[in-house]
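# Summary of the model geometry
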Amino acid sequence: QVQLVESGGGLAQAGGSLRLSCAASGRTFSRYNLGWYRQAPGKEREFVATFRWWGSTNYVGSVKGRFTISRDNAKNTVDLQMNSLKPEDTAIYYCSAERADTNEHYWGQGTQVTVSS
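Attention here is on the structure that accompanies the text. Since this is a predicted model, take the numbers as computed values, not measurements. (Residues numbered from 1 in each chain as written. Predicted model: local features only at pLDDT ≥ 70, side-chain atom pairs only at ≥ 80, totals over all residues. Heavy atoms only, no water.)

## A few points about the nonpolar core
Proteins that are soluble and globular tend to have nonpolar side chains buried together. Within the largest apolar cluster, 27 residues are counted, with the highest numbers of intra-cluster contacts made by Trp36, Val48, Phe67, Ile69, Leu80, Met82 and Tyr93. Every element with two or more residues in this core is listed here: strand E3 (18-25), strand E4 (33-39), strand E5 (46-51), strand E7 (67-72), strand E8 (77-82), strand E9 (91-99) and strand E11 (111-116). In this structure Ile69 touches Leu34, Gly35, Trp36, Ala49, Thr50, Phe51, Thr57, Tyr59, Val78, Asp79 and Leu80, once residues within four positions along its chain are discounted. (Core = buried A, V, L, I, M, F, W, Y, C linked by side-chain atoms within 4.5 Å. Buried < 20%, exposed > 50% of the residue type's maximum accessible area, 1.4 Å probe, protein only. Helix = DSSP H or I, 4+ residues; strand = E, 2+ residues; numbered from the N terminus. Contact = heavy atoms within 4.5 Å.)

Rendered as structure tokens:
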């Protein structure tokens with residue numbers, strides 16, 4: 001019973017900050033890439049950031065320098081620190097856990113982030 005639960009979403013003003021957290025449970029995730037995707041109304045879900053199991057990170061270009069992803073393997077959590085928020089960051093943010101060698105991919109239910117100008 002794998003479960004990913006996001007928290008920390010809400011309303012922020014342009015230029016402000018939010019910190020999203022994701023708690024994963026049901027198994028050990030040390031071999032999983034943990035990350036974040038987002039989906040705005042009328043648009044497809046897009047990749048935001050990932051923290052791969054061996055320690056490398058990657059970000060979509062639009063958030064580089066503003067967002068920072070981190071993870072705690074002992075707690076099976078992954079966070080996304082979002083600074084200098086822009087209205088175009090408004091979306092539902094989804095937590096993701098993926099193990100490529102076994103084709104496992106799990107999703108959280110999402111948390112709403114709204115940025116006002």
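## What to know about the state of the cysteines
With the rule as written, the count across this model stands at 1 disulfide. Note on cysteine connectivity: Cys22 is disulfide-linked to Cys95, with sulfurs 2.0 Å apart. As the torsion about the S-S bond is roughly -85°, the Cys22-Cys95 disulfide counts as left-handed. One end of the pair, Cys22, is in strand E3; the other, Cys95, is in strand E9, and 73 residues separate them in sequence. An identical accessibility class is assigned to Cys22 and Cys95; each is buried. (Disulfide = S-S within 2.5 Å.)

## As for the sheet that holds E7
Strand order in the open sheet formed by 4 strands is E1-E3-E8-E7, with antiparallel pairing between adjacent strands. Only two strands of the sheet have a single neighbouring strand rather than two, namely strand E1 (3-7) and E7. Averaged over all pairs of adjacent strands, the angle between their axes in this sheet comes to 15°, without regard to strand direction. (Pairing = 2+ DSSP bridges. Axes fitted to C-alpha atoms, helices over the stretch in contact; angles between N-to-C directions.)

## Some remarks on the side chain of Asp89
For Asp89, the location among the structural elements is in the loop between E8 and E9. Of the polar contacts made by the side chain of Asp89, one reaches the backbone nitrogen of Lys86; its length is 2.8 Å. In contact with Asp89, not counting residues within four places along its chain, are Arg38, Arg66, Phe67, Val113 and Val115. (Polar contact = N/O pair within 3.5 Å; in protein donor to acceptor, adjacent residues only side chain to side chain.)

In short, geometric facts, not functional conclusions.
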